[in-house]
Amino acid sequence: MTLKSAIRDALCAGERQGAAYRLEWPPHGPSGAMGARLGRRTGTSIDFQDYREYQPGDDLRFVDWAVYARTDRMAVKLFREEVTPHLDLIVDGSRSMDLEGTVKGPATAFLAGLLAAAAARSRCTRAVWISGEGYQRLRNDALPPSAWDGPVFDSTHTPEQACDWLPPQLRRMSMRVFLSDLLWPGDPARLVRRWMVGGAGLVVIQVLTREELDPPPCGGVRLTDSETGETLDMHVDESVVRLYRTALARWQQTWADACRSCAALMTTVVAEEVVEGRHGLDRAGLLVPG
């Protein structure tokens, strides 16, 4: 499928701006495979840490034979694990993320490109996952964002449904970032817990348009569900708008509570501001200049 030019342009713009930032990792630190930083677990770097008793199956290369000669006991050298931090970027691929006549899709692509470029500048590996009928890894996601084959927002399923069918293969102790409008009925706490399992941290970024945050009273309208195609005719006046604002605030608080209970972070960004380069992720503590 050909990537929309607006999405491609937004990926490139995010990549350019991301080159000025680094990812800010949670206090307990990132972990991953062999690489550029020292972790807390034992591994196979050259930084000696301690000894332990030899156990059948241990690599004999790490036996300290000088200790064995002195004590007649076999001891294995332990080293600090050298790790490369890893970002798992999880993107809501549902149709509501790229509504016709809005910049929501480009804003989401901009954020994905921004975070990927900041991860590269932080010497982090990464994987980008897009929801659909399950989660699939984005093709070419190891390349710069300008070379990605996506994201394409064409799924009729919610991110929660996709996770039930085929969850993303998130790396142990990776930093997870979830990009979504969060506008589907479900159980936020359940999904947040799943994203947090085995991870170093989770940031949920809600992407909404100005109209989704504060719709105007517009009289008689026909509303169409972007995923199901269902329609609803209604009259939108000030009282309906007030009810909507209250419901949205309550739903956002439900997500915020779910994140707080798992020590995850949540922030909401305005799509129109994002495409203008005012993403706000530095104020949210996820990115730092450099």
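Scroll up to find the structure this text is about.
Residues numbered from 1 in each chain as written. Predicted model: local features only at pLDDT ≥ 70, side-chain atom pairs only at ≥ 80, totals over all residues. Heavy atoms only, no water.

How should the packing of helix H1 (residues 5-18) against helix H3 (residues 104-121) be read in this particular structure?
The relative placement of two packed helices comes down to the angle between their axes together with the axis-to-axis distance. Packing of H1 against H3 brings their axes to within 7 Å, and their N-to-C directions diverge by 35°. As for how H1 packs across H3, the hand of that crossing is right-handed. Of the residues in H3, those touching H1 at Ala 6, Ile 7, Ala 10, Leu 11, Ala 13, Gly 14, Glu 15, Gln 17 and Gly 18 are Gly 105, Pro 106, Ala 109, Phe 110, Gly 113, Leu 114, Ala 117, Ala 118 and Arg 121. Of the residues contributing to the contact of H1 with H3, the split by class is eleven nonpolar, five polar and two charged. (Axes fitted to C-alpha atoms, helices over the stretch in contact; angles between N-to-C directions. Helix = DSSP H or I, 4+ residues; strand = E, 2+ residues; numbered from the N terminus. Left-handed = near helix turned anticlockwise from the far one by under 90°. Contact = heavy atoms within 4.5 Å. Nonpolar A, V, L, I, M, F, W, Y, C, P; charged D, E, K, R; others polar.)

So what exactly am I meant to see when it comes to helix H7 (residues 238-261) here?
For an α-helix, the turn length of 3.6 residues means that residues three or four places apart are oriented alike. The end-to-end C-alpha distance of H7 is 35 Å, a good match for the 34 Å that 24 residues give at a rise of 1.5 Å each. Regarding H7, the residues found buried are Val 241, Leu 248, Gln 252, Trp 255, Ala 256, Ala 258 and Cys 259. Considering only its buried residues, H7 is in contact with strand S7 (175-180), helix H5 (188-196), strand S8 (201-208), helix H6 (210-213), strand S10 (231-236) and strand S11 (265-270). Downstream of H7 by one or two residues, Ala 263 has phi in the positive range, about 65°. (Expected span 1.5 Å × (residues − 1). Buried < 20%, exposed > 50% of the residue type's maximum accessible area, 1.4 Å probe, protein only.)

Would you take a moment to explain the pattern of salt bridges for this structure?
A pair can form between side chains of opposite charge whenever their charged atoms are brought close. Evaluation of the coordinates by the stated rule reveals eleven salt bridges. In this structure, Arg 139 and Asp 149 form a salt bridge, with 3.6 Å as the shortest nitrogen-oxygen distance. One end of the pair, Arg 139, is in the loop between strand S6 (134-137) and helix H4 (159-165); the other, Asp 149, is in the loop between S6 and H4, and ten residues separate them in sequence. Taking the relative accessible area as the measure of exposure, Asp 149 reaches 36% and is therefore partly exposed. Of the charged contacts in the structure, one is a salt bridge between Asp 257 and Arg 260, with a shortest N-O distance of 2.8 Å. (Salt bridge = Lys/Arg side-chain N within 4 Å of Asp/Glu carboxyl O.)

Honestly, H5 in this entry has me stumped. Any pointers?
The complete set of buried residues in H5 reads Pro 188, Leu 191, Val 192, Trp 195 and Met 196. In a view along the axis of H5, the buried residues occupy a sector of 135°, so they form one face of it. Buried residues in H5 make contact with strand S4 (86-91), S6, H4, S7, S8 and H7. Immediately beyond the C-terminal end of H5, within one or two residues, lies Gly 198, with a positive phi of roughly 75°. (Arc of directions from axis to C-beta.)

What exactly am I supposed to notice about a nonpolar patch on the surface here?
Together, Leu 60, Trp 65 and Tyr 68 line one region of the surface with nonpolar side chains, adding up to about 310 Å² of accessible area. Inspection of the secondary structure assignment puts Trp 65 in helix H2 (residues 65-71). (Patch = residues over 30% accessible without salt bridge, like charges linked within 9 Å, V, L, I, M, F, W, Y side chains within 5 Å. Areas by Shrake-Rupley, 256 points an atom, 1.4 Å probe, with all protein chains shown as cover.)

Looking at this structure, how should I read the sheet that holds strand S5 (residues 125-132)?
The strands making up a sheet associate through hydrogen bonds between their backbones, and the pairing can be parallel or antiparallel. The strand order across the open sheet built from six strands is S6-S5-S4-S7-S8-S11, with neighbouring strands paired in mixed fashion. The sheet is open, and its two edges are formed by S6 and S11, each paired on a single side. Averaged over neighbouring strand pairs, the angle between their axes works out to 20° when direction is ignored. In this structure, S4 lies alongside S5, joined through six bridges in parallel fashion. Looking at S5, one finds that Ile 90 is bridged to Trp 129. Where H3 meets the sheet, it contacts S4, S5, S7, S8 and S11, and its direction lies at approximately 150° from that of S8. (Pairing = 2+ DSSP bridges.)

How do you make sense of unusual backbone geometry when you look at a structure like this?
Note the cis peptide between Gly 150 and Pro 151, where omega equals 15°. Tracing the backbone shows Pro 151 in the loop between S6 and H4. Phi at Asp 72 is positive, roughly 60°, even though this residue is not glycine. Here Asp 72 shows up in the loop between H2 and strand S3 (75-83).

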